[in-house]
Amino acid sequence: MMSNVPRLTIIVLFPIFASLLLPMLPRNGNRIIRWYTPGIRILEFLIIIYIFHCHFRIDYQPIQLIENFNWINSIKFHWGLGIDGLSMGLILLTGFVTTSATPAAWPITRNTRLFYFLMLVMYSGQIGLFASQDILLFFFMRELELIPIYLLLCLWGGKRRSYSATKFILYTAGGSIFLLVAALTMSFYGTEIPSFDIQDLTNKSYPISLEVLCYLGFLTAYAAKLPIFPFHTWLPDTHGEAHYSTCMLLAGVLLKMGGYGLIRINLELLTHAHSIFGSWLVLFGAIQIVYASMISMSQRNLKRRIAYSSISHMGFVTIGIGSLTNTGISGAILQMISHGLIGAAPFFLAGTCYDRTRTLSLDQLGGIAIPMPRLFTMFSIFSLASLALPGMSGFASELLVFPGVVTNKQYSSLFKVAVTVVEATGTASTPIYLLSMLRRIFYGYRPANESNPYLIDFGPRELFISICLFLPILGIGLYPNMILNLWNSKVLSILFSYSLME
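Residues numbered from 1 in each chain as written. Predicted model: local features only at pLDDT ≥ 70, side-chain atom pairs only at ≥ 80, totals over all residues. Heavy atoms only, no water.

Trainee: Got a sec to walk through the side chain of T98? Specific residues and values, please.
Mentor: Turning to its location among the elements, T98 is positioned in helix α3 (residues 85-104). Polar side-chain contacts of T98 include one of 3.3 Å to the backbone oxygen of G95. In this view, T98 contacts R41, Y123, Q126 and L249; residues no more than four positions away in its chain are not counted. (Helix = DSSP H or I, 4+ residues; strand = E, 2+ residues; numbered from the N terminus. Polar contact = N/O pair within 3.5 Å; in protein donor to acceptor, adjacent residues only side chain to side chain. Contact = heavy atoms within 4.5 Å.)

Trainee: Let's hear about the UniProt feature "domain: NADH:quinone oxidoreductase/Mrp antiporter transmembrane" (unreviewed entry) in the chain: which residues, and what values?
Mentor: Summarizing the sequence annotation, UniProt attributes the feature "domain: NADH:quinone oxidoreductase/Mrp antiporter transmembrane" (unreviewed entry) to residues 132-416 in the numbering used throughout. Helix makes up 77% of residues 132-416 and strand 0%, whereas the separation of the span's terminal C-alpha atoms amounts to 36 Å. (UniProt positions renumbered as here; feature names shortened; annotations may be inferred.)

Trainee: Account for the pattern of salt bridges, naming residues and giving values.
Mentor: Per the counting criterion, the structure on display carries 14 salt bridges. Across the pair K490 and E268 runs a salt bridge whose closest N-O atoms are separated by 2.7 Å. You can see K490 sitting in helix α18 (residues 481-499) and its partner E268 sitting in helix α10 (residues 244-269), a full 222 residues away along the chain. The shortest N-O distance in the salt bridge between E462 and R356 comes to 3.1 Å. A residue pair is termed long-range when its members are at least 10 positions apart, and E462 in helix α17 (residues 460-478) and R356 in helix α13 (residues 326-357) qualify at 106 residues. With respect to class, E462 is no different from R356; both count as buried. What you see here is one network of salt bridges that share partners, running through D84, R264, E268 and K490. (Salt bridge = Lys/Arg side-chain N within 4 Å of Asp/Glu carboxyl O. Buried < 20%, exposed > 50% of the residue type's maximum accessible area, 1.4 Å probe, protein only.)

Trainee: Give a detailed account of the environment of F178, specifying residues and quantitative values.
Mentor: One can find F178 in helix α6 (residues 161-188). The exposure class assigned to F178 is partly exposed, which follows from its relative accessible area of 45%. Along the chain, F178 and V317 lie 139 residues apart, while their C-alpha atoms are 22 Å from each other. Discounting residues that sit within four places of it in the chain, F178 has contacts with G217 and T220.

Trainee: Help me get a handle on helix α15 (residues 393-406), residues and values and all.
Mentor: Residues S393, G394, A396, S397, E398, V401, G404 and V405 constitute the buried set of α15. Elements that come into contact with the buried residues of α15 comprise α11 (271-297), α12 (302-323), α13, α14 (373-386), α16 (413-442) and α17.

Trainee: Describe the packing of α13 against α15, with residues and values.
Mentor: Remark: α13 packs on α15, axes separated minimally by 8 Å, with the N-to-C direction vectors making an angle of 155°. Between α13 and α15, the angle is such that the two are roughly antiparallel. Considering how the two elements wind past one another, α13 and α15 form a crossing that is left-handed. On α15, the residues touching T327, G328, G331, A332, L334, Q335, S338 and I342 of α13 are S393, G394, A396, S397, E398, L400, V401, P403 and G404. In terms of residue class, the contact of α13 with α15 is built from seven nonpolar, nine polar and one charged. (Axes fitted to C-alpha atoms, helices over the stretch in contact; angles between N-to-C directions. Parallel < 35°, antiparallel > 145°, perpendicular 65-115°, else oblique. Left-handed = near helix turned anticlockwise from the far one by under 90°. Nonpolar A, V, L, I, M, F, W, Y, C, P; charged D, E, K, R; others polar.)

This is the structure in structure tokens:
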């Protein structure tokens with residue numbers, strides 16, 4: 001009887017159904033709402049852990065927990081869900097980061113009912129995207145996740161929130177058009193009755209010209225999400241204006257959707273085209289690392305500096321995916337998980353810093369290490385994690401990406417040396433802008449700080465969130481194999497299809 005339980009459907013739809021109960025809570029029950037939403041997210045996360053622990057086999061490569069329900073029979077559009085090691089890791093990341101981001105939103109007191117409703121809807125969209133096994137359902141889940149972010153930006157953003165929200169939706173929704181056209185092309189090609197099932201599309205073959213066009217269409221959509229240079233310009237504006245709880249979800253989960261789509265569809269379904277464009281991905285990823293690092297140094301806004309840091313670190317994901325090696329692709333996936341944790345934490349710390357200082361300008365900050373030692377300690381720890389300190393998860397993931405390119409026999413020695421030098425340059429520049437940021441915020445002396453009544457150090461809530469984010473960063477850094485084993489068989493399966501082409 002239990003084998004017929006739609007487990008994945010439950011974890012996808014549970015947050016949406018729970019959000020529908022928010023209007024029934026007391027009209028003036030902000031305190032109840034603030035506890036209700038974290039409770040739902042914790043319960044959802046526990047259900048995810050239970051289902052994966054009891055019903056998922058790590059050593060089994062094919063898609064598991066498959067659920068397939070007819071939706072539109074005439075075009076074979078199904079509610080198709082299933083997971084493998086790749087999607088499992090990102091669903092766990094989504095559950096962990098969103099659960100941490102909910103108590104981070106407690107300072108919000110305006111329209112809290114709508115705010116938490118949007119966060120729960122976004123939660124369902126994120127999990128649904130990573131679990132989708134139907135390419136049209138994948139598209140719908142991507143769009144479902146965009147609408148709440150747009151509204152969160154418009155309603156709870158900063159002074160330039162309208163501009164940032166419009167720019168965000170133009171880049172991401174504009175990319176969705178290319179994704180939809182490419183998905184429809186693949187589904188309708190060579191058949192009278194189209195199928196959107198990803199496993200069916202894996203078994204289809206396309207002319208190389210059509211495959212290249214579809215690849216470019218998908219790549220355009222993911223380039224805005226990942227983001228890949230030069231489709232990155234929406235990200236600093238969005239992070240600069242969004243509330244820091246929204247920034248945690250953007251950095252921790254949203255950016256990973258681009259990398260996931262690039263692996264799930266471009267790398268897995270369009271093998272011939274990816275073998276052509278792999279070197280270009282490596283090249284643009286290397287440029288992205290250095291470019292974003294240089295731009296980050298010039299930023300005077302704290303959140304924008306962290307945003308450019310995220311762009312730089314996501315360049316390692318692009319390089320790893322383009323490397324077409326087991327080490328490189330595994331490193332790219334690990335970098336997505338690692339950055340989901342490391343990238344969310346600085347935005348939370350920057351937001352709590354703003355709550356106390358009422359400024360994000362690095363020129364106006366300084367000398368707050370003494371009145372706020374716990375904030376200083378956590379900011380320093382996560383900055384060291386971001387610059388890939390050995391023993392942290394960022395070090396393990398970036399260490400895997402470096403040899404990923406070098407061990408690819410298809411690339412020339414000159415290309416490998418050039419990419420390695422550029423990667424090393426970007427990595428070496430990371431401590432410059434991060435340590436400079438710490439110096440500007442915490443060191444020096446400002447007499448105005450002595451009379452500021454808001455300079456209160458971390459409370460139990462902020463300290464708890466910070467420690468929760470730090471523990472998995474440390475755990476993955478000390479023993480990466482505990483998470484690398486999730487997708488090892490999946491990566492080997494993908495690379496086997498490329499070996500058949502040679």
